[in-house]
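As a plain string of letters, each chain reads:
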Amino acid sequence: QVQLVEAGGDLVQPGGSLRLSCAASGSIFSFNAMGWYRRAPGKERELVATITSAGIGNYGDSVKGRFTISRDNARNTVYLEMNSLKPEDTAVYYCNAGMTVGGITYDYWGQGTQVTVSS
């Protein structure tokens, strides 16, 4: 019913910036929290950032002060501004959204977008 599509992944140099977006479509009333997760080669998935329906953001320790999460509720879209990128930020970035229907909360995931930080 719901599809999330990430965009904006690219090859960037260390110290560069990138803006990711995740747009949702389908049978949507409204999302609860939304977030970004990433998985680096050979590593487990880790939390990057989450944002509540009210716009309150939370960040993983490795990205605090460098990344900013935001959302546009009218467009059911979540963004991730990535600054001062480091090679260790290289990963596939996935967006996530939760939606409560009939008292049950469902999680939705995108297919991911590749971010590569390299000189």
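Residues numbered from 1 in each chain as written. Predicted model: local features only at pLDDT ≥ 70, side-chain atom pairs only at ≥ 80, totals over all residues. Heavy atoms only, no water.

(A) Spatial organisation of the sheet that holds strand β8 (residues 77-82). The sheet built from four strands is open, its strands ordered β1-β3-β8-β7 with antiparallel pairing. Of all the strands in the sheet, just β1 (2-7) and β7 (67-72) have a single pairing partner and so form its edges. Geometrically, the sheet is characterised by an average inter-axis angle of 15° between neighbouring strands, direction not taken into account. Pairing between β7 and β8: six bridges, direction antiparallel. By the bridge assignment for β8, Thr68 is matched with Glu81. (Pairing = 2+ DSSP bridges. Helix = DSSP H or I, 4+ residues; strand = E, 2+ residues; numbered from the N terminus. Axes fitted to C-alpha atoms, helices over the stretch in contact; angles between N-to-C directions.)

(B) Inspection of the pattern of salt bridges at higher detail. Inspection of the entire model under this criterion finds six salt bridges. Of the charged contacts in the structure, one is a salt bridge between Arg19 and Glu81, with a shortest N-O distance of 2.8 Å. Pair noted here: Arg19 is in strand β3 (residues 18-26) and Glu81 is in strand β8, with a separation of 62 residues, a long-range link. Under the relative-accessibility criterion, Arg19 is labelled partly exposed at 45%. By relative accessible area, Glu81 is classed as partly exposed at 30%. A salt bridge links Lys64 to Asp61; its shortest N-O distance comes to 3.1 Å. If you follow the salt bridges from partner to partner, you end up with Arg38, Glu46, Arg66 and Asp89 in one network. (Salt bridge = Lys/Arg side-chain N within 4 Å of Asp/Glu carboxyl O. Buried < 20%, exposed > 50% of the residue type's maximum accessible area, 1.4 Å probe, protein only.)

(C) Highlighting the nonpolar core. Counting residues in each nonpolar core, the largest one holds 28 residues, and the members touching the most others are Leu4, Phe31, Trp36, Leu80, Met82 and Tyr93. Mapped onto this core, the elements with two or more residues apiece are β1, β3, β4 (34-39), β5 (46-51), β7, β8, β9 (91-101) and β11 (113-117). The greatest single-element share of this core, amounting to five residues, is contributed by β9. Setting aside its immediate chain neighbours within four residues, Leu80 contacts Leu18, Arg19, Leu20, Trp36, Val48, Ala49, Phe67, Thr68, Ile69 and Tyr93. (Core = buried A, V, L, I, M, F, W, Y, C linked by side-chain atoms within 4.5 Å. Contact = heavy atoms within 4.5 Å.)

(D) Examining the environment of Arg66 more closely. Checked against the element boundaries, Arg66 lands in the loop between β6 (57-59) and β7. A sequence separation of 29 residues divides Arg66 from Cys95, and the C-alpha atoms of the two residues are 18 Å apart. Contacts of Arg66, omitting those with residues within four sequence positions, involve Glu81, Met82, Asn83, Ser84, Leu85, Lys86 and Asp89.

(E) The arrangement of the pairing of β9 in detail. Counting buried positions along β9 gives nine out of 11 residues, so the element sits mostly inside the fold. Relative to β9, β4 is paired through six bridges, and the arrangement is antiparallel. Bridge pairing in β9 places Arg38 opposite Tyr93. In the sheet, β9 pairs with β11 via three bridges, with the strands oriented antiparallel. Opposite Val92, over in β11, you have Gln114 as the bridge partner. Of the pairings in the sheet, the one linking β9 to strand β10 (residues 104-109) comprises six bridges and is antiparallel in character. What sits directly across from Asn96, in β10, is Trp109.

Everything listed here is a matter of coordinates, which is why it stays silent on function.
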